[in-house]
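Examination of the molecular architecture
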Number of protein chains: 2
Amino acid sequence: MAVRESVLKVVTEAFKRHGAETIDTPVFELKDVLMGKYGEEGGKLVYDLQDQGGELLSLRYDLTVPFARYLAMNKISNIKSGQYDLMIPEAECLKIVDEVLSKLEIGEFYVKLNHRLLLEGMFAACGAGPDQFKTVCSSIDKLDKQPWSEVEEELIKEKGLTKENTIKLGQYVTLREYNPSLDNYELLDKLMGFEELAKKFPVLLRYCCLFGIKSIRFDPSLARGLDYYTGAIYEAVVPNALKGLNLEENGDQEGLPVGVGSVAAGGRYDELVGNFMAPAGTKGKEKRHDVPCVGVSFGIERLFAIIEAKNQVEQLQVRTTETEIFIASAQKNLLEERMKLCGSLWDEGFKVEMSYKANPKLLNQLQYCEDRLIPLALIVGERELQDGVVKLRYVQTRIEQDVRLPELVSTLRNALRSL
Amino acid sequence: MAVRESVLKVVTEAFKRHGAETIDTPVFELKDVLMGKYGEEGGKLVYDLQDQGGELLSLRYDLTVPFARYLAMNKISNIKSGQYDLMIPEAECLKIVDEVLSKLEIGEFYVKLNHRLLLEGMFAACGAGPDQFKTVCSSIDKLDKQPWSEVEEELIKEKGLTKENTIKLGQYVTLREYNPSLDNYELLDKLMGFEELAKKFPVLLRYCCLFGIKSIRFDPSLARGLDYYTGAIYEAVVPNALKGLNLEENGDQEGLPVGVGSVAAGGRYDELVGNFMAPAGTKGKEKRHDVPCVGVSFGIERLFAIIEAKNQVEQLQVRTTETEIFIASAQKNLLEERMKLCGSLWDEGFKVEMSYKANPKLLNQLQYCEDRLIPLALIVGERELQDGVVKLRYVQTRIEQDVRLPELVSTLRNALRSL
């Protein structure tokens, strides 16, 4: 939990740095709300539950669909800003990903970037109709783990594409190896040749450049298998996340890079909220109140796994408490003095511990501080109490000094600042 | 969520100030783990769920039973400290309650305190056997909402106590009106006359005094209806929590105090972990590995309701974002300059927003800052850029000053500190 909290803190602080509001949605949604939103593969992975009242509920499968349902139910048409120009909010989402993954110090990472228009255009050019879109997407999504030859075979044998169209599709999809420099995006336009996209994609790359983002990589095969994206789609990966770790999954390939899938993902989904708002039976855009949305989510569990593995490799001792000061006693019968001192330091806001034994041994108390990496110890003794002082010990260096009680709070504040 | 997070922060910081480790347990437990742990009333309130694999699961009903199950499963015999002397950890739990409720500024509160031994002794003296203990407890627990006469009637008619024994019980239970001063606890001993308790209770009151806790009130009727407590039992209440609020529940009694039940509760439960550790079928203490535990939980939702109600009464405007600086533009065509400045300030750790419009109007941008209580605005203009400066505006006072770009970061840090 200490590691988990440190990861969550980096993510939360990044969002707050960008003016985020915090909302939370229930762990469950009505099953109907979730169904049909995650494409072919996702739908199979949703967990159903039955509540006491007999309604069909499912555990939320992501945060996007519950968020859109929440906006629709509460008729919220904007959270951060209702008005925006092309690709500015998308660039900010990518900046947040870049900031979080840099701050977490998890090594090399990059953000794969694609656009729904490119995917659709590719499919149109290759003879895959809208009906086939979902199923072809879920095949292409497998390119991270399988070679193109296997995906090609699946597309022909299982998804019913012609050999000729699959080859055409492959020409686009395997452009993923091409990694455009951000200042040279006109190359990208030329390669794509999709007019509407040519207006949008270079703008986004330019904005990323202005925000100082260096981790973007164009990836035309990025589909994410989710039906709700309407514009930019992105996904961050950490290719060498678990490198050097002797994990069981690694078998005899000790030390080889092991991927953990995506650690952050998002995109634009302009129609999802409107879908929830439209009364049952109505169709067509004119009946809907569109609420454009763009966002990004982080895979906290995966980031946590990466950082825990890194700590393991570096043999880093993680502190699981934040205690700053331990109040020890040098002799017997000083429990009441320790308690009084402890109570007053808690009231001053210090993080303080003391032994729960009435007469603990001094050595055991100092050992506790060293084991738990508590930086400061205050040693209460008969003689010191008579002189109106208490002994301050710096646990790591074992340096000790007497501190007069009226100066104790300010001395402790300074000592903690100087650590 | 902004209010909720502020409450959670106060609670979390208090626990960390006392050397807490953070753990989390799953939202679900096996139904078997929870059953029989919450007494008669509690058992009815547990929500059952059915998972994909067909195991009987229930939503956790409190945090204590899952925590004890976690300790037992992981064979953890101590979290904070394995060794302790009488009542010292209990006093620290009560100190945490006192700190949290003081810091939250929710008005008058007090902590009801009782002991399992007193409850058991009382029941023995009144002819209520161990079999009746649970059911009599759940009746006594109702004294917060019902007068003694109604509880008395329930005990006789529904729980089968004799009239005579019920009267004896009432003499103890209604001692709750007696509020002992912490320095005068010998009175308490005299009143109780329970030998074993007389050794323990005064010690706890003395320790509370040393820790500077002033909110304790003795309450012999406090039973909490939970089976697992073996020693001290405590519960914090805020009697006038929603005073002055025109709530619907209040009906025509507008302005009268409304209780919200307990906002924190806990106690000692020395046998719960051992119960989980004992192999099925074994009975008796000699087979068990006892893990003594004491703790306290806060009712976050109730605290949140109290604070939200208070904000409503005081018409307090709660900021839901933490943005410190807004980057505005005075003329058109300054989007790229704004983005570059924004990116560099994010990298410096500032909380910054800018408009998502390419050419927003200056007045709209400044209005946004005032509406959202953003304290500082930076105004980018053609002339200023040529001079290598940017205009810093203090939103509340509308005072403006030019800042040279190399000095921008330090000027902003100082400006934020001085707010």
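Scoring rules and cut-offs
Residues numbered from 1 in each chain as written. Chains lettered and ligands numbered in written order. Predicted model: local features only at pLDDT ≥ 70, side-chain atom pairs only at ≥ 80, totals over all residues. Heavy atoms only, no water. Helix = DSSP H or I, 4+ residues; strand = E, 2+ residues; numbered from the N terminus. Buried < 20%, exposed > 50% of the residue type's maximum accessible area, 1.4 Å probe, protein only. Contact = heavy atoms within 4.5 Å. Areas by Shrake-Rupley, 256 points an atom, 1.4 Å probe, with all protein chains shown as cover. Phe/Tyr/Trp six-rings, centres within 6.5 Å; stacked < 30°, edge-to-face > 60°. Lys NZ or Arg CZ within 6 Å of the ring centre and 35° of its normal. Pairing = 2+ DSSP bridges. UniProt positions renumbered as here; feature names shortened; annotations may be inferred. Polar contact = N/O pair within 3.5 Å; in protein donor to acceptor, adjacent residues only side chain to side chain. Axes fitted to C-alpha atoms, helices over the stretch in contact; angles between N-to-C directions. Least-squares fit on C-alpha atoms with pLDDT ≥ 70 in both. Buried area = accessible area lost by both parts, 1.4 Å probe. Salt bridge = Lys/Arg side-chain N within 4 Å of Asp/Glu carboxyl O. Nonpolar A, V, L, I, M, F, W, Y, C, P; charged D, E, K, R; others polar.

1. Looking at the overall build of chain A
- The secondary structure content of chain A amounts to 17 helices and 13 strands.
- Evaluated residue by residue, chain A yields a buried proportion of 47% over its 419 residues.
- Summarising the internal contacts of chain A: among those between residues at least 6 apart in sequence, 70% fall at separations of at least 24.
- Accessible surface computed for chain A: about 20,600 Å², of which carbon and sulfur atoms make up 49%.

2. A few points about the packing of aromatic side chains
- According to the stated counting rule, one finds twelve aromatic pairs over all chains in the structure shown.
- Arranged with centres 5.9 Å apart and planes meeting at 85°, the rings of B:F15 and B:F298 form a pair that is edge-to-face. With B:F15 in helix α1 (residues 2–17) and B:F298 in strand β8 (residues 294–298), the pair connects residues that are 283 residues apart, well separated along the chain.
- According to the relative accessible area criterion, B:F15 is partly exposed, its value standing at 24%.
- The structure contains a cluster of three or more aromatic residues connected by ring pairs, namely A:Y228, A:Y229 and A:Y269.
- Note that A:R217 overlies the ring of A:Y110, its terminal NZ or CZ placed 3.6 Å from the centroid.
- Positioned above the aromatic ring of B:F304, the side-chain terminus of B:R4 is 4.1 Å from the ring centre.

3. Description of the pairing of strand β9 (residues 325–329) of chain B
Residue and element names in this part refer to chain B.
- Most of β9 is tucked away: five of the five residues are buried.
- Of the strand pairs in this sheet, β9 and strand β10 (residues 352–354) are connected by three bridges, and their pairing is parallel. From the neighbouring strand, I325 faces β10, where its bridge partner is V352.
- Relative to strand β11 (residues 376–380), β9 is paired through five bridges, and the arrangement is parallel. In the strand pairing of β11, I327 is matched with L378.

4. As for the UniProt feature "binding site: L-histidine" (unreviewed entry) in chain A
Residue and element names in this part refer to chain A.
- Here, the residues flagged by UniProt with the feature "binding site: L-histidine" (unreviewed entry) are D62, L63, T64, R224, Y228 and Y229.
- Taking the relative accessible area as the measure of exposure, D62 reaches 17% and is therefore buried.
- Discounting chain neighbours no more than four positions away, the residues touching D62 are Y38 and Y228.
- There is a polar contact of 3.4 Å between the side chain of D62 and the backbone nitrogen of T64.
- Along the chain, L63 turns up in the loop between β3 (56–59) and α4 (64–73).
- Look at L63 and you get partly exposed, because its relative accessible area is 46%.

5. What about the sheet that holds strand β7 (residues 262–268) of chain B?
Residue and element names in this part refer to chain B.
- Sheet architecture is open: five strands sit in the order β5-β4-β6-β7-β8, paired in mixed fashion. Of all the strands in the sheet, the pair left with one neighbour each is β5 (216–218) and β8. Taken pair by pair, the neighbouring strands of this sheet meet at an average axis angle of 20°, ignoring direction.
- Together, β4 (110–115), β5, β6 (232–237), β7 and β8 form the strand contacts of helix α5 (residues 88–103), whose direction differs from that of β8 by roughly 15°.

6. A short note on the relation of the copies chain A and chain B
- Placing chain A over chain B gives an RMSD of 0.1 Å and needs a rotation angle of 180°, together with 0.0 Å of translation along the axis. Both copies are brought into coincidence by an operation consistent with a two-fold rotation axis.
- Counting the interface residues of chain A, we find that 100% of their copies in chain B are interface residues as well, pointing to one common contact surface.

7. Observations regarding the interface of chain A and chain B
- Taken together, the contacts link 58 residues of chain A with 58 residues of chain B.
- Carbon and sulfur atoms supply 58% of the area buried between chain A and chain B, which totals about 5,500 Å² over both sides.
- When the buried area of chain A at its contact with chain B is split by residue, A:M339, A:W346 and A:Y356 rank highest and sum to 16% of it.
- A salt bridge links B:K16 to A:E5; its shortest N-O distance comes to 2.9 Å.
- For the side of chain A that touches chain B, a count of residues per class yields 25 nonpolar, 13 polar and 20 charged.

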